[in-house]
Amino acid sequence: MSKERYISAKEAWARKQVAKGVRPREEASDDRLPPGQKLTTNFPVLDLGIKPEIPLDEWTLNLAGEVGNPLNLDWAAFNALPQVEDVSDFHCVTTWSKFDCRWGGVAFTELYEHVRPKAEAKFVYFTGYDGYTTNVPLAQCLDDDVLIATHFDGAPISLEHGGPARVIVPKLYAWKGTKFVKSLHFLNEDKLGFWEIRGYSNDADPFKEERYA
Ligand SMILES: Nc1nc2c(c(=O)[nH]1)N[C@H]1C(S)=C(S)[C@@H](COP(=O)(O)O)O[C@H]1N2
Ligand SMILES: [Mo]
């Protein structure tokens, strides 16, 4: 993966910045709704039932593992990083999808650049303040639509939807995006997360209907 993929993600991101503003996608089309999904216009809440309230002055995002420059970012340092917005669709494995979610925050590629993962790093293991975990191949995290989001539709993400910061990986089922994110560990070997251990697919592509392993 690596260099080329990383560079092309950065280039795509730069083009979006230049285009200025993030516009909703075209009208919903059949090929936009993954098989077996139903469109919803509200925003259901799905989590373990624990809503960890972390005061912002105690919040940190830990970036560690196979990286040249491990980081522990506090809220101010995290928010001082360049901010992006991206509009994407959200697909929950329980069969609801929500179109045109406007997320704002820090691009994964931005964090990647700061921590400088070693060549051996191939996977990212995410942990939430509620104890939730999930895992995504590093190559997929480098897509230009992967964010650590702090904003939804221009407003801070509510606690029920994973605030103050959550991970968004639009091309995978939504369980691959950790709400209340606490840490990202870069690993050379894959390590299954909460739902992956319990039989969910490790690949999680909604268009291939990769729901269960
Ligand atoms: N920390 C944490 N993140 C999580 C979960 C969770 O239980 N805890 N559930 C996942 C699942 S299964 C889905 S569908 C989405 C739901 O996000 P929402 O509650 O904002 O709709 O969060 C994902 N991220
Ligand atoms: Mo889900």
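The rules behind the values
- Residues numbered from 1 in each chain as written.
- Chains lettered and ligands numbered in written order.
- Predicted model: local features only at pLDDT ≥ 70, side-chain atom pairs only at ≥ 80, totals over all residues.
- Heavy atoms only, no water.
- Near = heavy atom within 4 Å.
- Polar contact = N/O pair within 3.5 Å; in protein donor to acceptor, adjacent residues only side chain to side chain.
- Areas by Shrake-Rupley, 256 points an atom, 1.4 Å probe, with all protein chains shown as cover.
- Nonpolar A, V, L, I, M, F, W, Y, C, P; charged D, E, K, R; others polar.
- Salt bridge = Lys/Arg side-chain N within 4 Å of Asp/Glu carboxyl O.
- Helix = DSSP H or I, 4+ residues; strand = E, 2+ residues; numbered from the N terminus.
- Buried < 20%, exposed > 50% of the residue type's maximum accessible area, 1.4 Å probe, protein only.
- Pairing = 2+ DSSP bridges.
- Axes fitted to C-alpha atoms, helices over the stretch in contact; angles between N-to-C directions.
- Core = buried A, V, L, I, M, F, W, Y, C linked by side-chain atoms within 4.5 Å.
- Contact = heavy atoms within 4.5 Å.

**Q** How do you make sense of the site of ligand 1 when you look at a structure like this?
**A** Taken together, 19 residues surround ligand 1, and among them Pro44, His161, Arg166, Gly177 and Lys179 come closest. Side-chain polar atom of His161 to an oxygen atom of ligand 1: 2.6 Å apart, as the coordinates give it. Compared with its free state, where it exposes 530 Å², ligand 1 has 98% of that area covered by protein. Its residues assigned to classes, the shell around ligand 1 comprises 12 nonpolar, 3 polar and 4 charged.

**Q** Help me out: how do you make sense of the pattern of salt bridges in this one?
**A** Any two side chains of opposite charge can pair, on the condition that their charged atoms come close. The final tally for this structure, using the stated rule, is 10 salt bridges. The salt bridge partner of Glu196 is Lys176, with a shortest N-O separation of 2.8 Å. Of this pair, Glu196 sits in helix H5 (residues 194–197) while Lys176 is found in the loop between strand S10 (166–168) and strand S11 (181–187), placing the two residues 20 residues apart along the sequence. Residue classification places Glu196 among the buried positions, given a relative accessible area of 5%. Members of the salt-bridge network, linked through shared partners, are Arg32, Asp89 and Asp100.

**Q** What should I look at first to understand the sheet that holds strand S2 (residues 60–65) in this one?
**A** Sheet strands pair by backbone hydrogen bonding; their relative direction is either parallel or antiparallel. Read from one edge of the open sheet, 5 strands run S3-S2-S11-S6-S7, paired in mixed fashion. In this open sheet, the two edge strands, each paired with only one partner strand, are strand S3 (71–74) and strand S7 (133–137). Neighbour to neighbour, the strand axes of the sheet diverge by 15 degrees on average, direction disregarded. One ladder, built from 5 bridges, connects strand S6 (residues 123–128) with S7; its direction is antiparallel. Bridged to Phe126 within S7 is Thr134.

**Q** Where do I start with the nonpolar core in this structure?
**A** The tendency in soluble globular proteins is for nonpolar side chains to be buried as a group. Phe78, Phe108, Leu111, Leu138, Leu184 and Phe186 are the most contacted members of the largest nonpolar core, which totals 36 residues. Residues in contact with Phe108, not counting those within four places in the same chain, are Val124, Phe126, Leu138, Cys141, Leu142, Val146, Leu147, Leu184 and Phe186. In terms of nonpolar packing, the next biggest core, distinct from the first, is built from 14 residues, Trp96, Trp103, Ile157 and Ala174 among them.

**Q** Hey, could you run me through the environment of Tyr212 in this one?
**A** Residue position: Tyr212 is located in the segment after H5. The spacing of Tyr212 and Val93 is 119 residues in sequence and 9.2 Å in space, taken between C-alpha atoms.

**Q** When you look at the environment of Gly162 in this model, what are you seeing that I'm missing?
**A** Along the chain, Gly162 falls in the loop between strand S9 (155–156) and S10. In this structure, the C-alpha to C-alpha distance between Gly162 and Asp47, residues 115 residues apart in sequence, is 8.9 Å. Every residue in contact with Gly162, bar those within four places of it in the chain, is listed here: Ile157, Lys179 and Phe180.

**Q** What should I look at first to understand the pairing of strand S8 (residues 147–152) in this one?
**A** Sheet faces and side chains relate simply in a regular strand, where the side chains alternate between the two faces. The buried fraction of S8 amounts to 5 of the 6 residues, a majority that puts the element mostly inside the structure. Here strand S5 (residues 96–107) pairs with S8 via 5 bridges, running antiparallel. Opposite Val106, over in S8, you have Ile148 as the bridge partner. Judged from the 3 bridges that link them, S8 and S10 form a sheet pairing that is antiparallel. Its bridge partner lying in S10, Ile148 is registered against Val167.

So yeah, pure geometry; function would need other evidence.
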